[in-house]
Amino acid sequence: GFDVTDSKANFVFAKHEKIGGKEFYTKLREKGILVRHFDKKEISDYNRITIGSIDEMKALIDATKVILEENK
């Protein structure tokens, strides 16, 4: 359910149609997951997610599932 921009770096910009970028950023932060959010209008729906270790990526996925389930 995420739109992800093409990337040739160690991060992606991702947005979801059912949750705003700032809200997703805040909820991830509450769960101890740090990503970057920018308030600039053109990219405010996106979050910059740096690719981390397998355990970090698993934690991100698990937290994302919980957040999206809560956001129904």
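Anything mentioned here points back to the structure above.
So, how was this worked out
- Residues numbered from 1 in each chain as written.
- Predicted model: local features only at pLDDT ≥ 70, side-chain atom pairs only at ≥ 80, totals over all residues.
- Heavy atoms only, no water.
- Helix = DSSP H or I, 4+ residues; strand = E, 2+ residues; numbered from the N terminus.
- Expected span 1.5 Å × (residues − 1).
- Buried < 20%, exposed > 50% of the residue type's maximum accessible area, 1.4 Å probe, protein only.
- Arc of directions from axis to C-beta.
- Contact = heavy atoms within 4.5 Å.
- Phe/Tyr/Trp six-rings, centres within 6.5 Å; stacked < 30°, edge-to-face > 60°.
- Lys NZ or Arg CZ within 6 Å of the ring centre and 35° of its normal.
- Salt bridge = Lys/Arg side-chain N within 4 Å of Asp/Glu carboxyl O.

**Q** When you look at helix α2 (residues 54-70) in this model, what are you seeing that I'm missing?
**A** Two residues of an α-helix separated by three or four positions point the same way, owing to the 3.6 residues in each turn. With 17 residues, α2 should cover 24 Å at 1.5 Å per step; its first-to-last C-alpha distance of 24 Å lies within 8% of that length. When α2 is considered as a whole, its buried residues turn out to be Met57, Leu60, Ala63, Thr64 and Ile67. Around the axis of α2, the buried residues are gathered within 130° of arc, so they sit on the same side. Of the exposed residues in α2, those oriented more than 90 degrees away from the buried face are Ile54, Asp55, Lys58, Lys65 and Glu70. Buried residues along α2 sit against β1 (2-4), α1 (21-30) and β4 (47-50).

**Q** I would appreciate a short explanation of α1 in the present structure.
**A** By the burial criterion, the buried members of α1 are Gly21, Phe24, Tyr25 and Leu28. Seen end-on, α1 carries its buried residues on one side only, within an arc spanning 100°. Contacts made by the buried residues of α1 are with β1, β3 (36-37), β4 and α2. Downstream of α1 by one or two residues, Gly32 has phi in the positive range, about 85°.

**Q** I would appreciate a short explanation of the packing of aromatic side chains in the present structure.
**A** Here a ring pair, both rings aromatic, is described through the centre-centre distance and the interplanar angle of the planes. Applying the stated criterion across every chain yields a total of three aromatic pairs. Geometrically, the ring pair formed by Phe11 and Phe13 is edge-to-face, given 5.8 Å between the ring centres and 90° between the ring planes. Grouped by ring-pair contacts, the aromatic residues Phe11, Phe13 and Phe38 constitute a single cluster. Cation over ring: Arg48 sits above Phe11, and NZ or CZ is 3.8 Å from the ring centre.

**Q** Sorry, what's going on with the pattern of salt bridges here?
**A** Two side chains of opposite charge can pair, provided their charged atoms sit close to one another. Taken as a whole, this structure holds three salt bridges when the rule is applied. Here Lys72 and Glu69 are joined by a salt bridge, their closest N and O atoms 3.4 Å apart. Given a relative accessible area of 49%, Glu69 falls into the partly exposed group.

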